[in-house]
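Listed below, chain by chain, are the residues.
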Amino acid sequence: MNLNSSATKNGSRAQLRQLYKNKRSELSAFEQKKAARNIVTRAVENALFVKVKRVALYASVNGELNTQYLIAYLWAQAIEVYLPVVHPFSAGHLIFLRYTGDTIMRPNRFGILEPELDVNTLCPLNELDLIFTPLVAFDTNGNRLGMGGGFYDRTLQSMRANERLPNANLSAKQAKIIGLAHDVQRASLLPAQDWDIPLSAVLSPTTFYLFKGSSMNQDQKKKAAAIAAIEYVTTGSIVGVGTGSTVNFFIDALAKLKHDIVGVVSSSDASTARLKKHGITVFDLNEVNALDIYVDGADEITEYKHMIKGGGAALTREKIVAAVANTFICIIDDTKLVSMLGKFPLPVEVIPLARSYVAREIVKLGGDPMYRQGIVTDNGNHILDVYNLEILDPPGLEATLNQIVGVVTNGLFAHRGADIVLTGTHDGVKKA
Ligand SMILES: O=C[C@H](O)[C@H](O)[C@H](O)COP(=O)(O)O
């Protein structure tokens, strides 16, 4: 038996339900509309729809967080939207039918609009990527208080039970169950029942609450690390900005502070373009004497904070900007942590004329260099990616490679490694 349930009396659940329904209904029409728009921004910021094809939502009633803008966004991304329909045969269960601009909607016995029953538009539960549920209240353990009919609980229970059957397809994906709620629907602790299915997360207009045990995708981890780095940005400073997909999340978050900082120094044309698009002032490094922090990603990093960088061909400018900064903050997801560098091919930037010569010299050192075809760096040079290196002495190899005539720089960041590493993991951001 669930520990919480012994303390639960039907009365207390009913009272809580009333309390949070009242809170929800006290929101003005303006607040409701703003909330409905903001959940789209929060969902996109948290990379919820990356590689997502089918999403279950709901038609909002009685002050529930309105899903109309979220649905419009998903349609615009060509992501299929499904809405719940009371199961015609299995009492107390839901099925999910496709919802498009042409779907005929009919009120069910509770007065809630549903797509007209048509089995051709049905999506089996195991083919949904995300299921957004309405709720009356949620707590920070992921417990959900619904309307009391138990429709979602029963449906999601059978879905999870089917996933545990011996003949279940183990490689089949599990739909993530995410509650949608106004911030006023957050309770400190809700009484849970044995049959409750905990939520993976709750999306509110201000926050994406991710609960323990739920899994994050790689982009969500990168973003969590990037947002954690914002804490190190000080008012009135000039920030060194790296390059790559993780840094892109940092740039987007930094945009909100653009009036508090003096500006940034960028490590690549790609980052400069993104920074400028946000209206952030970008300085040439020659105009700047010192940088407090430099924030950048990595392709691999060890516990000694030695890194391989340059997967995006920006290594030389990254190394230069990093050299000027007092503190190098490395932001990564946990797939980048390694015990030894070298599985990721080591990028080496070379003067084009010297490419073949440098490649022959690298072979003598035991590496397998490959010319990164079609890539010209921001400095007009070429990249050799060196495979099959077991890098036992990163500072030593960094120096040796830099001694080869024609090498501009190499992607080992060992002499000047990271100072702080912020790693996005399933259990939050870890600092080292
Ligand atoms: O040249 C690219 C940079 O060194 C990047 O910091 C590195 O490749 C990591 O990129 P991402 O954050 O996209 O994994």
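As the structure is a prediction and not an experimental result, all values here were calculated from the model.

Novice: Break down the overall build of the protein for me, citing the residues and quoting the values.
Specialist: For the protein, the count of helices and strands is 11 helices and 26 strands. Principal-axis analysis of the C-alpha atoms gives the protein an extent of 80 × 50 × 45 Å. Counting across all 432 residues of the protein, residues that qualify as buried make up 50%. Sequence-distant contacts in the protein: of pairs separated by 6 or more residues, those separated by 24 or more amount to 71%. Split by element, the accessible area of the protein, about 20800 Å² in all, is 52% carbon and sulfur. Within the protein, the 42 negative side-chain charges are centred at a point lying 5 Å from the centre of the 45 positive side-chain charges.

Novice: Any details on the domain arrangement of the protein? Residues and values, ideally.
Specialist: Under the domain assignment used here, the protein contains domain 1 (3–215) and domain 2 (216–432). Counting residues at the interface gives 9 residues for domain 1, matched by 8 residues for domain 2. Counting the contacts that link domain 1 with domain 2 gives 3 residue pairs in polar contact (both at pLDDT 80 or more). Split by residue class, the side of domain 1 that touches domain 2 holds 5 nonpolar, 3 polar and 1 charged.

Novice: Could you give me a rundown of the sheet that holds strand β3 (residues 94–98), with the residues and numbers involved?
Specialist: As a general point, the strands of a sheet are linked pairwise by backbone hydrogen bonds and lie either parallel or antiparallel. Pairing is mixed across the open sheet formed by 7 strands, whose spatial order is β3-β2-β1-β6-β9-β11-β12. Lying at the two open borders of the sheet, with one neighbouring strand each, are β3 and β12 (208–210). Geometrically, the sheet is characterised by an average inter-axis angle of 25° between neighbouring strands, direction not taken into account. Two strands pair when backbone bridges link them, and strand β1 (residues 54–56) and strand β6 (residues 130–133) are joined in this way by 2 bridges, in the parallel orientation. By the bridge assignment for β6, A56 is matched with I131. Lying on the sheet, helix α4 (residues 68–76) is in contact with β1, β2 (80–86) and β9 (176–180); it crosses β2 at an angle near 135°.

Novice: So what's going on with the confidence of the model for the protein? Which residues, and what values?
Specialist: Averaged over the protein, the pLDDT score is 90; the fraction of residues at 70 or greater is 92%. For the stretch residues 1–10, pLDDT sits under 50, and the model shows 17 contacts to residues farther than four places along the chain or on other chains.

Novice: So what's going on with the UniProt feature "active site" (unreviewed entry) in the protein? Residues and values would help.
Specialist: Cross-referencing UniProt, the feature "active site" (unreviewed entry) maps to E318 in the present numbering. Within the secondary structure layout, E318 lies in helix α9 (residues 315–324). Judged by its relative accessible area of 3%, E318 is buried. The contact partners of E318, leaving out residues within four places of it in the chain, are G242, T243, S267, Y294, D296, K309, G310 and F413. A polar contact is formed between the side chain of E318 and the side chain of K309, at a distance of 3.0 Å.

Novice: Break down unusual backbone geometry for me, citing the residues and quoting the values.
Specialist: Unusually for a residue other than glycine, N62 sits at a positive phi of about 50°. On the secondary structure map, N62 appears in the loop between β1 and α4. A positive phi angle, near 60°, is found at N388, a position not held by glycine. Relative to the elements of secondary structure, N388 occurs in the loop between β22 (382–387) and α11 (394–402).

Novice: Let's hear about the nonpolar core: which residues, and what values?
Specialist: Core analysis: the largest hydrophobic core is formed by 48 residues, its most contacted members being F49, V55, L57, F132 and L203. Discounting chain neighbours no more than four positions away, the residues touching F132 are L48, F49, V55, A56, L57, Y58, Y152, I178, L180 and L203. Ranked by size, the runner-up nonpolar core spans 24 residues in total, among them A229, V233, V239 and F250.

Novice: Run through the pairing of strand β16 (residues 291–296), naming residues and quoting values.
Specialist: The element β16 is extensively covered by neighbouring structure, given that 5 of its 6 residues are classed as buried. Pairing geometry for strand β13 (residues 238–241) and β16, over 2 bridges, is parallel. Bridge pairing links G240 to Y294 in β16. With 5 bridges connecting them, β16 and strand β19 (residues 325–333) associate as parallel partners. Bridge pairing in β19 places Y294 opposite F328.

Novice: Describe in detail the side chain of T103, supporting the description with residues and values.
Specialist: Relative to the assigned elements, T103 resides in the loop between β3 and β4 (105–107). Discounting chain neighbours no more than four positions away, the residues touching T103 are R98 and P115.

Novice: Hey, could you go over a nonpolar patch on the surface for me, with residue numbers and the actual values?
Specialist: A contiguous nonpolar patch, built from I351, L353 and V408 and spanning about 300 Å² of accessible area, is present on the exposed surface. Here L353 falls in the exposed class, since its relative accessible area comes to 83%.

Novice: Could you give me a rundown of the site of the ligand, with the residues and numbers involved?
Specialist: Close contacts around the ligand come from 17 residues, with S245, T246, D299, E318 and K336 the closest. Between the ligand and the protein, one listed contact pairs an oxygen atom with a side-chain N or O atom of D299 at 2.7 Å. A distance of 3.3 Å is found between an oxygen atom of the ligand and a backbone nitrogen or oxygen belonging to A313. For the ligand, whose unbound accessible area comes to 370 Å², protein coverage reaches 91%. Residues that form the shell around the ligand fall into these classes: 3 nonpolar, 8 polar and 6 charged.

About the thresholds
Sequence order sets the numbering: in each chain, residues are counted from 1 along the sequence as written. Side-chain atom pairs in this predicted model are given and counted only at pLDDT of 80 or more, local residue features only at pLDDT of at least 70, and totals for whole chains, interfaces and linings cover all residues. Hydrogens and water are ignored here; the side-chain numbers use all heavy atoms of the structure. We count a stretch as a helix when DSSP gives it H or I for four or more residues in a row; a strand needs E for two or more, and each element gets its number in order from the N terminus. Residue burial is assigned from relative accessible area. The probe radius is 1.4 Å, only protein chains are included, and a residue is buried under 20% of its type maximum, exposed over 50%, and partly exposed in between. Any two residues whose heavy atoms approach within 4.5 Å are treated as being in contact. To measure how exposed things are, a 1.4 Å probe is used in the Shrake-Rupley method; for residues, cover is taken only from the protein chains shown. For the charge count, each Lys or Arg is scored as positive and each Asp or Glu as negative, with His and the chain ends excluded. To locate a charge, the coordinates of NZ of Lys, CZ of Arg, CG of Asp or CD of Glu are taken. Domain start and stop positions are those given by an automatic or database domain assignment. Residues adjacent in sequence count toward polar contacts only when both atoms are side-chain atoms; beyond that, a polar contact is any pair of N or O atoms within 3.5 Å, and within protein one must be able to donate a hydrogen and the other to accept it. In this count, Pro and Cys sit with the nonpolar residues alongside Ala, Val, Leu, Ile, Met, Phe, Trp and Tyr, while Asp, Glu, Lys and Arg are called charged and the others, Gly among them, polar. When DSSP finds two or more bridges between a pair of strands, those strands are recorded as paired. To obtain each axis, a line is fitted to C-alpha atoms, and for helices this fit is confined to the stretch in contact; angles are then taken between N-to-C directions over 0 to 180 degrees. Confidence of the predictor at the level of single residues is captured by pLDDT, which takes values from 0 to 100. UniProt positions are given in the numbering used here, feature names are shortened, and annotations may be inferred rather than shown by experiment. What we call a nonpolar core is a set of buried Ala, Val, Leu, Ile, Met, Phe, Trp, Tyr and Cys residues that are connected through their side-chain atoms within 4.5 Å. Here, patches come from residues exposed beyond 30% relative accessible area and free of salt bridges, joined within 9 Å for like charges and within 5 Å for nonpolar side chains (Val, Leu, Ile, Met, Phe, Trp, Tyr). A side-chain nitrogen of Lys or Arg and a carboxyl oxygen of Asp or Glu constitute a salt bridge if their distance falls within 4 Å. In this text, near means that some heavy atom of the residue lies within 4 Å of the molecule or strand in question.

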